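# Observations on the three-dimensional arrangement
This is what each chain is made of:
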Amino acid sequence: MTSEQINYFFVGTRFGDDDYFEYFRKEGKWELGWHNNEENKQYQKMLKLFHKIKPGDVLFAKSTYVKKKNLPFVKKDDSKVSVMKIRGMATVKEVLDDGHTIIVDWKKEYIEREWFFFTGQETIWFPSDIKYRTKETNQLIKFAANDEIIIQDYDYFLNHPNWKKYKKLESETMLRNDFLFNYSGILRKSKNLILRGAPGTGKTYLAKEIAMELTGGNEEQIGFVQFHPSYDYTDFVEGLRPNSNEDGSIFFKLKEGIFKKFCQNAIDAKKIGGQDNFDEAWNLYLEYVNNRDEKEYLTEFSYLTVNSRNNFNINYETKSQGTVLTKSYVYELYKDENYLKQPYYRNQGKKVLDTLKKRFGLKDYISPTEIKTDKNFVFIIDEINRGEISKIFGELFFSIDPGYRGEKGSVSTQYANLHETDEKFYIPENVYIIGTMNDIDRSVDTFDFAMRRRFRFVEVTAESQLGMLDAALGDKAEEAKKRLRNLNAAIENVQELNSYYHIGPSYFLKLQDVDFDYELLWSDYLKPLLEDYLRGSYEEAETLGTLKKAFDLTKNEQKDQAVAADHEGDEDDDADN
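Bear in mind that the values here come from a model prediction, so they are computed numbers and not experimental data.

## A closer look at the overall build of the chain
- Along its length, the chain carries 18 helices and 25 strands.
- When burial is assessed residue by residue, the chain has 47% of its 577 residues classed as buried.
- Pairs at least 24 apart in sequence give 68% of the contacts found in the chain among residues at least 6 apart.
- Element-wise, carbon and sulfur atoms account for 45% of the exposed surface of the chain, whose accessible area totals about 29,800 Å².

In structure tokens form, the structure reads like this:
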């Protein structure tokens, strides 16, 4: 190798149990550990590689682990596969002579990606040193250094003697997984994605698969809702909801909607540490006051009782009108003793806090530390076009824009005047949104243009999702695929129709319900849909007969259609491809 040649190193970012990746990015450097243990043999081994690194070389931050599930291939057994997550890319500017520190320029907006099979667990891994792995190394470097996520050549590794224990999928199923991997890469970059296509193409199922891929299979980080004409802001963001007291009387309470709760969970996942046992202490005090036979005096002339909303009523011996000391107000005072809102409650709130600390074990509040986390949260909106978008999202039109994620996109909600704090709502950067819509649904025409601009649209074709039939129908899948292809080719030949009206493979999953009776599949599932397509058209009956003949063909007598994966979106989409 010549001194001018760029070398590529894959480096770890953990010291013990602590991950320093975000710290390295912020400080513009990378460090080799063992700062106080330089006699360590492993450090001495890594130091030799450290000295090979020079200005101009490239470092890839990586973490190595194993996976058994959510893989883009099927294994013969339950064995674990080695995976290397490539988290960041940096160019070396200077190598300090302390044996630990390298000054680097981290690449902004690098897309994390997973590489399988050929991985290195060492703190510094220099695969180019492995002379008999030149081909694998070249593939890895191309994969890691690309601006976009490209598909790893699974075929090469699955057919290699070193990894032959893993079973390769049939070509169409492999293609399906390639699409899945590609979709998750698109979502990472675009933040908001809509899967559009003909009915029955498995858009909802695919959305859930993408979510599982992006969250590492953690269902607690996936949210789901289906829009409909009656759905509104109060369901989605927040609103007043009826509640009942113990005496049966009804009152209205401000409650968070499903999306706001989901975003709060994503925000909480970015915080670690801190100290806060307020809920526990408050509930102990409520129980004490409720069970006490004597009055719980707050001052010489006022005492506490518990109301139906688990707040304290402050009552006066003088019979003057009492007040309510809410849990939320005392909590804000607990977090900040200089809290300025509603100052007339401050003295009473501080007395309650003193009691909580002295008698119920309330600890001093320590704010949690915010970190950059690998935890991704995916919210799926099924049938997104069926809801009245402006009514549901309201001011979130601003926050949902990929360019305004995080606190810079904070907004006051429509019910901000009912909040006891001035805290605003925002959509955190680790939240991704997937919507689904049918191309032929009439509500697509009324989908808000402002919202269209904030989403990237990807077509899911019937052909691209045929792989679902292999898994569900087994050896009977081939006939189903031939009939589906022939029917869709005939649909495209109908003057009033086009590929938007294709029949998706989900309809053919119904074969299991009708004991693989194709006549029942036609009469009970496909014919009614096609009649809706053709209603009012010229020669409706004759056209339906032509489509039935195409469906009855069990050979590829119709011209097979090409696999389509058109990406539609705003003018910036070319930059994402």
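Having seen the model, we can carry on.
## Some details on the packing of helix H16 (residues 477-492) against helix H17 (residues 518-534)
- Across the interface, H16 lies against H17 with an axial gap of 14 Å and an inter-helix angle of 30°. By the angle between their axes, H16 is roughly parallel relative to H17. The chirality of how H16 crosses H17 is right-handed. The segment H16 lies against H17, with Glu479, Ala480, Arg483, Leu487 and Ile491 engaging Tyr518, Trp522, Leu526 and Leu530.
- In terms of residue class, the contact of H16 with H17 is made up of 7 nonpolar, no polar and 2 charged.

## Describing the sheet that holds strand S20 (residues 323-325)
- Reading across from one edge, S17-S18-S19-S20 is the order of the 4 strands in this open sheet, with antiparallel pairing throughout. Each of the sheet's edge strands pairs with one partner strand only, and the pair in question is strand S17 (296-297) and S20.
- Two elements, strand S19 (residues 312-316) and S20, share 3 bridges in a ladder whose sense is antiparallel. Residue pairing for S20: Phe312 is matched across the bridge by Leu325.
- Against the sheet, helix H11 (residues 346-359) contacts S17, strand S18 (302-306), S19 and S20, and its axis sits at roughly 45° relative to S20.

## Examining the nonpolar core
- With 33 residues, the main nonpolar core has Phe227, Phe236, Phe259, Ile381, Ile384 and Phe393 as its most contacted residues.
- Mapped by element, the contributors of at least two residues to this core are helix H7 (233-236), helix H8 (258-268), strand S22 (377-382), helix H12 (389-393), helix H13 (396-399) and strand S23 (431-438).
- No other element matches H8, which puts 4 residues into this core.
- The residues touching Phe227, leaving out its near neighbours within four places in the chain, are Phe236, Ile381, Asp382, Glu383, Ile384, Arg386, Gly387, Ile389, Ile392 and Phe393.
- Among the nonpolar cores identified, the runner-up in size contains 29 residues, and Ala480, Ala490, Tyr518 and Ala550 belong to it.

## Some points on a positive patch on the surface
- A contiguous patch of positive charge, built from Lys253, Lys255, Lys261 and Arg309, is present on the exposed surface.
- Judged by its relative accessible area of 46%, Lys261 falls in the partly exposed class.

## Some remarks on unusual backbone geometry
- With phi around 55°, Glu109 is a residue other than glycine that occupies positive phi space.
- Examined against the element boundaries, Glu109 turns out to sit in the loop between strand S8 (101-106) and strand S9 (113-116).
- Backbone geometry at Glu539 places phi at a positive 50°, although glycine is not the residue there.
- Here Glu539 is to be found in the loop between H17 and helix H18 (540-552).

## Focus on the packing of aromatic side chains
- Under the definition given, this model contains 44 aromatic pairs.
- The structure contains a cluster of three or more aromatic residues connected by ring pairs, namely Phe227, Tyr231, Phe236, Phe259, Phe262, Phe377, Phe379, Phe393 and Phe397.
- The residue whose ring lies beneath Arg483 is Tyr518, and the NZ or CZ to ring-centre distance is 3.9 Å.
- The cationic tip of Arg483 hangs over the ring face of Phe551; the distance from NZ or CZ to the ring centre is 5.2 Å.

## Overview of the environment of Val378
- Within the fold, Val378 resides in strand S22.
- For Val378 and Phe224, which are 154 residues apart along the polypeptide, the C-alpha to C-alpha distance reads 8.6 Å.
- When neighbours within four sequence positions are excluded, Val378 is seen to be in contact with Ala211, Leu214, Thr215, Gln221, Ile222, Gly223, Phe262, Tyr432 and Ile434.

## Re H16
- Compared with an ideal rise of 1.5 Å per residue, which puts 16 residues at 22 Å, H16 spans 23 Å between its outermost C-alpha atoms and is within 8% of the ideal.
- Among the 16 residues that make up H16, 12 are buried, leaving the element largely enclosed by the rest of the structure.
- For H16, the complete set of buried residues consists of Ala477, Ala480, Lys481, Arg483, Leu484, Arg485, Asn486, Leu487, Asn488, Ala489, Ala490 and Ile491.

## So, the environment of Lys327
- You can see Lys327 is positioned in helix H10 (residues 327-335).
- Taking C-alpha positions, Lys327 is 9.3 Å from Arg309, a pair spaced 18 residues apart along the chain.
- Discounting chain neighbours no more than four positions away, the residues touching Lys327 are Phe278, Asp279, Trp282, Asn310 and Asn311.

## Quick look at the side chain of Thr119
- Within the secondary structure layout, Thr119 lies in the loop between S9 and strand S10 (124-125).
- A distance of 2.5 Å separates a polar atom in the side chain of Thr119 from a polar atom in the side chain of Ser82.
- Those residues in contact with Thr119 that lie beyond four places of it in its chain are Thr64, Ser82, Val83, Met84 and Trp125.

## Thoughts on the pattern of salt bridges
- Going through the model one piece at a time under the given rule, you end up with 31 salt bridges.
- Residue Asp439 pairs with Arg196 through a salt bridge whose shortest N-O separation is 2.9 Å. Placement of Asp439 in the loop between S23 and helix H14 (449-452) and of Arg196 in strand S12 (residues 192-197) is noted, with a sequence separation of 243 residues between them.
- Residue Asp439 is classed as buried on the basis of its relative accessible area, which comes to 14%.
- In this structure, the salt-bridge partner of Lys481 is Asp470, at a minimum N-O distance of 3.1 Å. With Lys481 in helix H16 and Asp470 in helix H15 (residues 467-473), this residue pair connects regions lying 11 residues apart in the sequence. The pair Lys481 / Asp470 is uniform in exposure class, with both members buried.
- Look at the salt bridges and you will find they share partners, linking Glu479, Arg483, Glu519, Lys548 and Asp552 into a network.

## Brief notes about the confidence of the model for the chain
- Across the chain, the average pLDDT comes to 85, with 90% of residues at 70 or higher.
- For the stretch residues 168-175, pLDDT sits under 50, and the model shows 20 contacts to residues farther than four places along the chain or on other chains.
- Contacts for the low-pLDDT stretch residues 557-577, under 50 throughout, to residues beyond four places or in other chains number 47 contacts.

## A closer look at a negative patch on the surface
- Together, Glu38, Glu39, Glu94, Asp97 and Asp98 make up a region of like negative charge exposed at the surface.
- Tracing the backbone through its elements, the reader meets Glu38 in the loop between strand S4 (29-31) and helix H2 (41-50).

## Considering the environment of Glu332
- Position of Glu332 relative to the elements: it lies in helix H10.
- What makes Glu332 buried here is its relative accessible area of 15%.

## A short note on the pairing of strand S24 (residues 456-459)
- The alternating pattern of S24 places Arg456 and Val458 on one face and Phe457 and Glu459 on the opposite face, and all of these are buried.
- Direction of pairing for S12 relative to S24: parallel, over a ladder of 4 bridges. In the sheet register, Arg196 faces S24, and the bridge partner there is Glu459.

About the cut-offs
- Residue numbers here run from 1 along each chain, matching the order of that chain's written sequence.
- Given that the model is predicted, a residue must reach a pLDDT of at least 70 before its local features are reported, and side-chain atom pairs must reach 80 or more before they are shown or counted; all residues, however, enter totals for whole chains, interfaces and linings.
- Values shown for side chains rest on all heavy atoms present in the structure; no hydrogens or waters enter the calculation.
- Only DSSP runs of H or I with at least four residues qualify as helices, and only runs of E with at least two residues qualify as strands; both kinds are numbered from the N terminus onward.
- Exposure classes here rest on a 1.4 Å probe applied to the protein chains alone. A residue is buried below 20% of its type maximum, exposed above 50%, and partly exposed in between.
- Two residues qualify as a contact provided that any one of their heavy atoms is within 4.5 Å of a heavy atom in the partner residue.
- The Shrake-Rupley method, run with a 1.4 Å probe, gives the accessible areas here. Residue values count only the displayed protein chains as cover.
- Axes here mean lines fitted to C-alpha atoms, for a helix over just the part in contact, with angles spanning 0 to 180 degrees between N-to-C directions.
- Under this scheme an angle from 65 to 115 degrees is roughly perpendicular, one under 35 degrees roughly parallel, and one over 145 degrees roughly antiparallel; angles in between are oblique.
- Each crossing gets its hand from how the near helix is turned against the far one by less than a right angle, where anticlockwise is left-handed and clockwise is right-handed.
- Each residue gets one label: Ala, Val, Leu, Ile, Met, Phe, Trp, Tyr, Cys and Pro are nonpolar, Asp, Glu, Lys and Arg are charged, and the others, such as Gly, are polar.
- Strand pairing follows a simple DSSP-based rule, namely that at least 2 bridges must link the two strands.
- Here, nonpolar core refers to any group of buried Ala, Val, Leu, Ile, Met, Phe, Trp, Tyr and Cys residues whose side-chain atoms link them within 4.5 Å.
- Residues form patches when they are more than 30% accessible in relative terms and have no salt bridge. Like charges link within 9 Å. Nonpolar side chains (Val, Leu, Ile, Met, Phe, Trp, Tyr) link within 5 Å.
- Every case where a carboxyl oxygen of Asp or Glu lies within 4 Å of a side-chain nitrogen of Lys or Arg is listed as a salt bridge.
- Note on charges: Lys and Arg go in the positive column, Asp and Glu in the negative column, and His and the chain ends are not counted at all.
- All charge positions are set by atom: Lys at NZ, Arg at CZ, Asp at CG, Glu at CD.
- Centres within 6.5 Å make a pair out of two Phe, Tyr or Trp rings, where for Trp the six-membered ring is used; the pair is then stacked when the planes are under 30 degrees apart, edge-to-face when over 60, and tilted otherwise.
- Both a distance and an angle decide whether a charge sits over a ring: NZ of Lys or CZ of Arg must be within 6 Å of the ring centre and within 35 degrees of the ring normal.
- Expected span of a helix: the number of residues minus one, times 1.5 Å.
- Polar contact is defined as a pair of N or O atoms within 3.5 Å, subject to the rule that within protein one atom must be able to donate a hydrogen and the other to accept it, and that residues adjacent in sequence are counted only when both atoms are side-chain atoms.
- pLDDT expresses, on a scale from 0 to 100, how confident the predictor is about each individual residue.

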